[in-house]
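Descriptive analysis of the structure
Single-letter residue listing:
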2 protein chains.
Amino acid sequence: MGRYDLEYPKEATNTVERLNERGTYALETIHRIVNSSQILHVSFNTPSQPFPVILPMIGQMGSFDRPSADLGDPLDLYLHGYVSSRIMNLGRAGSEGEEKGMPVCVAASHVDGLVLAISAFSHSYNYRSAVLFGHATLVTDEVEKLYAMELITDSVVPDRWQHTRLPPTKAELQSTGILRLQIASGSAKINAGQAHDDKKDMENEAMRDSIWTGVLPINSTMGEPLASPYNRVDVPGYISEFVKDFNEDNQQQAFNAAKDE
Amino acid sequence: MGRYDLEYPKEATNTVERLNERGTYALETIHRIVNSSQILHVSFNTPSQPFPVILPMIGQMGSFDRPSADLGDPLDLYLHGYVSSRIMNLGRAGSEGEEKGMPVCVAASHVDGLVLAISAFSHSYNYRSAVLFGHATLVTDEVEKLYAMELITDSVVPDRWQHTRLPPTKAELQSTGILRLQIASGSAKINAGQAHDDKKDMENEAMRDSIWTGVLPINSTMGEPLASPYNRVDVPGYISEFVKDFNEDNQQQAFNAAKDE
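Residues numbered from 1 in each chain as written. Chains lettered and ligands numbered in written order. Predicted model: local features only at pLDDT ≥ 70, side-chain atom pairs only at ≥ 80, totals over all residues. Heavy atoms only, no water.

Our next topic: the interface of chain B and chain A. Each side of the interface is counted separately: chain B has 99 residues, and chain A has 99 residues. Buried area between chain B and chain A, both sides added, is near 8500 Å², and the carbon and sulfur share of it is 63%. Together, B:Phe121, B:Trp212 and B:Tyr230 form the three largest contributors to the area buried by chain B at its contact with chain A, with a combined 11%. The tally of links from chain B across to chain A stands at 6 salt bridges. A salt bridge links A:Arg232 to B:Asp209; the nearest nitrogen and oxygen atoms lie 3.0 Å apart. Of the residues in the side of chain B that touches chain A, the class split is 57 nonpolar, 28 polar and 14 charged. Where strand β8 (residues 214-222) of chain A and strand β9 (residues 226-227) of chain B come together, 2 bridges link them in antiparallel fashion. From the neighbouring strand, A:Val215 faces β9(B), where its bridge partner is B:Leu226. (Contact = heavy atoms within 4.5 Å. Buried area = accessible area lost by both parts, 1.4 Å probe. Salt bridge = Lys/Arg side-chain N within 4 Å of Asp/Glu carboxyl O. Nonpolar A, V, L, I, M, F, W, Y, C, P; charged D, E, K, R; others polar. Pairing = 2+ DSSP bridges. Helix = DSSP H or I, 4+ residues; strand = E, 2+ residues; numbered from the N terminus.)

Written out as structure tokens, the structure is:
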């Protein structure tokens, strides 16, 4: 597409109210935060209790109808889980009834740094967080299920799918449930920058002479690959390159966040 | 306490149904996962829409009535956020009515490694995740608010509170909202170990000779502290030691998870 940046409409559901200069509704930004999260937090309600439930799941944005779609295009979120778990049962109920699916909220968050100021109340995080709202239904079409499994597997380690035993067995496909979340809206909130204090604290010489202020950058790191007891092969290039890129990119991200004003 | 390990009662709300050998209900285990999470995902419902909402927040388990309580004791969860945000307003409504507060679910998750097997369907994560269910109310007592602010600040960087400008101003205290979550139940799920495949794949010589299997350990890492433009002091010992311990502990945790069978 590329003519302009698509945005989710601003509604009561997704509007960022606090510190709204940090908010963004651009699909590409939101989808990128979701796709780079190794764990997504998925929230839904069950009929039996007053509390919403949160499950950690693995997921990835994609388009089965148009697999070549860009990150900034309208996409679905594919979520992976065990077929008989509560969320899958509710998603199945949603897909069989006349409703559009189970209402779900998905959150993805990265911490890029701890921001330490003179006042404890001016402390903050550098972070990138996104939420998506949508309706979840169970994927029943086998070809779409395979599409989603490949999408999600390759999101964990790029190119991994074609380096596994293929094709999947019937039992594997049957025991794996995929939810497709049709997105209703979403938003992201990003904070980056150095420490900052109120004028009064900045002008307090005694405090500035005694309190360290700055950012402790934080990133996710992968260590040396640890081969299984039954492994017989050397670490392949697509894995060692992924580990290297992952570490460099994440370190750079945390460093840049602290520099960004 | 220490005579026995307290557990949250197993009920429909919190029972781990999938792979339940991974589930645990021990307060100490659950509280430890929560307290070591830099971001908690907090889910609640709003009257205006069908979707639950998830907010990323900072929080810590504590006991205002018995500050010396252990991690394995019954504790409250204190959550930090801006006072006028949606969750705070709902928490305030809960605390003023006759109800016990707003029903909330809190999730904390750590990824310790990517577990790569021969079959894509035998891939998994090493992880530690916890959920807590409870009722949230706004903390109105000023002394309790200060207790929680110190608790939460020191959870981000140990000892930081006493190294900030104290006491807080009236405006700071007024603009900061603290939610206290009274816990109704909770559970944790932990997965650790090396790659594993079904018998048929393990006996497939061609696959074992071509597919790398093992764990990519993952941990959160802090880089070199980046001083702010207005900083005048060297990185103090309590910060540099924290960074060193944080990195060593997390790396060890990810490594141990892959070794644990």
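Looking at the element boundaries, A:Val104 is found in strand β5 (residues 102-116). On a C-alpha basis, the gap between A:Val104 and A:Gly91 in space is 9.8 Å, while along the polypeptide they are 13 residues apart. Aside from chain neighbours lying at most four places away, what touches A:Val104 is A:Val42, A:Ser43, A:Phe44, A:Leu132, A:Phe133, A:Gly134, A:Ala136, A:Leu181 and B:Phe51.

All names here are of chain B. Inspection of the secondary structure assignment puts Glu144 in helix α3 (residues 142-156). On the accessibility criterion, Glu144 (9% relative accessible area) is buried. If near-sequence neighbours (up to four positions away) are discounted, Glu144 is found in contact with Phe64, Tyr78, Val139 and Arg180. (Buried < 20%, exposed > 50% of the residue type's maximum accessible area, 1.4 Å probe, protein only.)

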